[in-house]
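# Notes for the structure review
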Amino acid sequence: MDRRLADRRLADRRIATLSPGAGSIGFALAADQISKAVVNANSDTLAGGIPVVPGFNLIFLRNDGVTFGMLGGAPWWALSGLALVVTVWLAVLLVRTDSRLDAAAYGLVIGGALGNVVDRLRIGAVTDFLDVYVGTWHWPAFNIADVAVVSGVGLLLASEFVNSRRRRAPGL
């Protein structure tokens, strides 16, 4: 009886740890795909860009490369394959983590990567629509999947920073 209770508690802890990761995957993927559907439905209107606030436009672009257009012109299937390999590796890390924050962070990166893979599989390129600028200098256009990936990486870095400080000074 005690062994079953211990096994159940362990399973409950694993579910509690993995739930933020699964939720983050679903949230990032859904938000990305819904936003891109809206952008694609309004591509003619957004093609020239629509100012939202100073420093931010909505625009319609297709990116056949990876982040910031790097590797542009590479075959879509190669970029999709690479993203899927990285996604599997991150999924392994997600399953192995004991941290709810890390699980959520891995989930954001996985969900964002999958959002861009879905675009590549459907249309051979990624739909970008967020345009941030200062003066005449524009950051390369990006999308919600990119925001999820960067946010997930930021959370992983913050988590590691906090954990490294705790390891050095356990009394804090």
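Residues numbered from 1 in each chain as written. Predicted model: local features only at pLDDT ≥ 70, side-chain atom pairs only at ≥ 80, totals over all residues. Heavy atoms only, no water.

We now examine the packing of helix α3 (residues 76–96) against helix α4 (residues 100–123). Between α3 and α4, the shortest axis-to-axis distance is 9 Å and the interhelical angle comes to 160°. Here α3 lies roughly antiparallel to α4, going by the angle between them. Helix-helix and strand crossings are classified by hand; for α3 and α4 the assignment is left-handed. Here α3 contributes W76, L79, S80, A83, L84, T87, L90, A91, L93 and L94 to the contact with α4, which in turn contributes A103, Y106, G107, V109, I110, A113, L114, V117, R120 and L121. (Axes fitted to C-alpha atoms, helices over the stretch in contact; angles between N-to-C directions. Helix = DSSP H or I, 4+ residues; strand = E, 2+ residues; numbered from the N terminus. Parallel < 35°, antiparallel > 145°, perpendicular 65-115°, else oblique. Left-handed = near helix turned anticlockwise from the far one by under 90°. Contact = heavy atoms within 4.5 Å.)

Take the sheet that holds strand β2 (residues 56–63) next. For sheets, the rule is that strands pair by backbone hydrogen bonds, running either parallel or antiparallel. Spatially, the four strands line up as an open sheet ordered β1-β2-β3-β4, and their pairing is antiparallel. Bordering the open sheet on either side are β1 (50–53) and β4 (137–138), each of which pairs with just one other strand. Sheet topology places strand β3 (residues 126–134) next to β4; two bridges connect them, and they run antiparallel. Each bridged residue has a counterpart across the sheet, and for Y133 the counterpart in β4 is H138. Sitting on the sheet, α4 touches β2 and β3, and the angle it makes with β3 is about 125°. (Pairing = 2+ DSSP bridges.)

A separate point is the pattern of salt bridges. Opposite charge on two side chains allows them to pair when their charged atoms are near. Throughout the structure, instances matching the rule amount to three salt bridges. The salt bridge partner of K36 is D32, with a shortest N-O separation of 2.9 Å. Of this pair, K36 and D32 both sit in helix α1 (residues 2–41), four residues apart, which is roughly one turn of the helix. A single burial state applies to K36 and to D32, both of which are buried. The partner of D119 in a salt bridge is R122, and the shortest N-O contact between them spans 3.5 Å. (Salt bridge = Lys/Arg side-chain N within 4 Å of Asp/Glu carboxyl O. Buried < 20%, exposed > 50% of the residue type's maximum accessible area, 1.4 Å probe, protein only.)

What is shown is where atoms sit, not what they do.
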